[in-house]
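The lines below spell out each chain.
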Amino acid sequence: MLALLAGCGATPTTQVTQAAPSESPSVQPSSPAAGDGLAKDIPGLADGTPVRVIEDVNHEPVTVPADPQRVVTLSEPTLDGALALGVKPIGSVNGRGQSTMPNYLIDLAEGIPTVGTVAQFNFEAIAALKPDLILTYASGGNNPESVAILQQIAPVYFVGYAGAAWKTTFRNVANALNRVDAAEQLLGEFDAYAADVASRLQAAGFADKTFSIVRWQGSNASLILKELPPGMALEAIGLKRPPAQDKEGRGHSEPISLENLADADADYMFFGTLGGSSVDNPTAGGTADISGAQQAYDEAVQVPGFRELTAYKEGHVILVDGSLWTSTGGPILMRRIIEFVEGELL
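Figured I'd write up the structure that's included with this text.

Rules behind the numbers
- Residues numbered from 1 in each chain as written.
- Predicted model: local features only at pLDDT ≥ 70, side-chain atom pairs only at ≥ 80, totals over all residues.
- Heavy atoms only, no water.
- Salt bridge = Lys/Arg side-chain N within 4 Å of Asp/Glu carboxyl O.
- Helix = DSSP H or I, 4+ residues; strand = E, 2+ residues; numbered from the N terminus.
- Pairing = 2+ DSSP bridges.
- Axes fitted to C-alpha atoms, helices over the stretch in contact; angles between N-to-C directions.
- Buried < 20%, exposed > 50% of the residue type's maximum accessible area, 1.4 Å probe, protein only.
- Contact = heavy atoms within 4.5 Å.

We now examine the pattern of salt bridges. By the definition in use, this model includes nine salt bridges. Put simply, Asp246 and Lys226 hold a salt bridge, and the shortest N to O gap is 3.0 Å. Note that Asp246 is positioned in the loop between α6 (229–236) and β12 (254–256) and Lys226 in the loop between β11 (220–223) and α6, a separation of 20 residues in sequence. Where salt bridges share partners, they join Asp196, Arg200 and Glu342 into one cluster.

The strand order β12-β11-β10-β13-β14 describes an open sheet built from five strands, whose pairing is mixed. Two strands bound the open sheet, and with one partner strand each, they are β12 and β14 (317–319). Neighbouring strand axes in the sheet, compared pairwise and without regard to direction, differ in orientation by 35° on average. Judged from the five bridges that link them, strand β10 (residues 211–217) and strand β13 (residues 268–272) form a sheet pairing that is parallel. Across the sheet, Arg215 pairs through a bridge with Gly272, a residue of β13.

Before going further, it helps to examine α6. Summarising burial for α6: six of the eight residues are buried, a large majority. Listing the buried residues of α6 in full gives Pro229, Pro230, Gly231, Met232, Ala233 and Leu234. In this fold, the buried residues of α6 make contact with α4 (166–177), β10, β13, α9 (322–325) and α10 (331–345). Following α6 by one or two positions, Gly238 adopts a phi angle in the positive range, close to 75°.

Below, the structure is given as structure tokens:
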């Protein structure tokens, strides 16, 4: 699919580590093969630009600049990963269900121009920025027609799929940006921090409690299961999920009927919203911040059965930023979720 970008024509020398079916492959860094060290006739790259040939998650060879300078990111995981590595994109997409950059990244993404949404890219705006690398995620607006247009602008690198292990996706972002060592340092620091918080949560008596993550959309609930980053964050700090959520889903939130509202229950509930956003309608109106969660909560308590939930009766419904807790992202999202839990429970 990305053969157009392998402009130098040599066989890539990358090695791909096989991952579990629910994960995207972790793409290992490589050096250019003989004769592949300089760009020639590659959209977005001046002839003579130093390049590397690496494989993306589709096992397609992609020629990327050795030192990207003008990066556009077209998903939350790619924006998050780039910012975590000290690379500020020259353009990115709004967060799901939001009219701005993802709310949880607003402080870091200030000044980054918007080039559409995760569901619909603004190709003219992307082209006008003259990127030398486009990082994207295999969801949203990444249909074959869109990808073909993007490939005429700059090298396009797919970093992962919905439901993939967040560390795998982040490592692929780092590989594309040629910052693998920095990524491994960040991951080591995250693991140490998560282990410390897990130990303190256990000591504080939370080991036998259950924790639900709920996105409220209109008059219905959706569950954030274990394969999404927020679910991975709770697992990293040793917090248990209720039986109905102690499983992996399909890579996005799992809607439940009001008849099955008890599936949302637990000792504690992290409750957020993306406004009216859903898989089929990712640009619906509403806000994803705490004020949006409060509005959604005010609606939820009027729904029959909600006031019967244990978390509600015990006063353990915790309002959260939906862009952080009920969507997707990378290492910044993961750390900020754990920081929030630490502030609420410890």
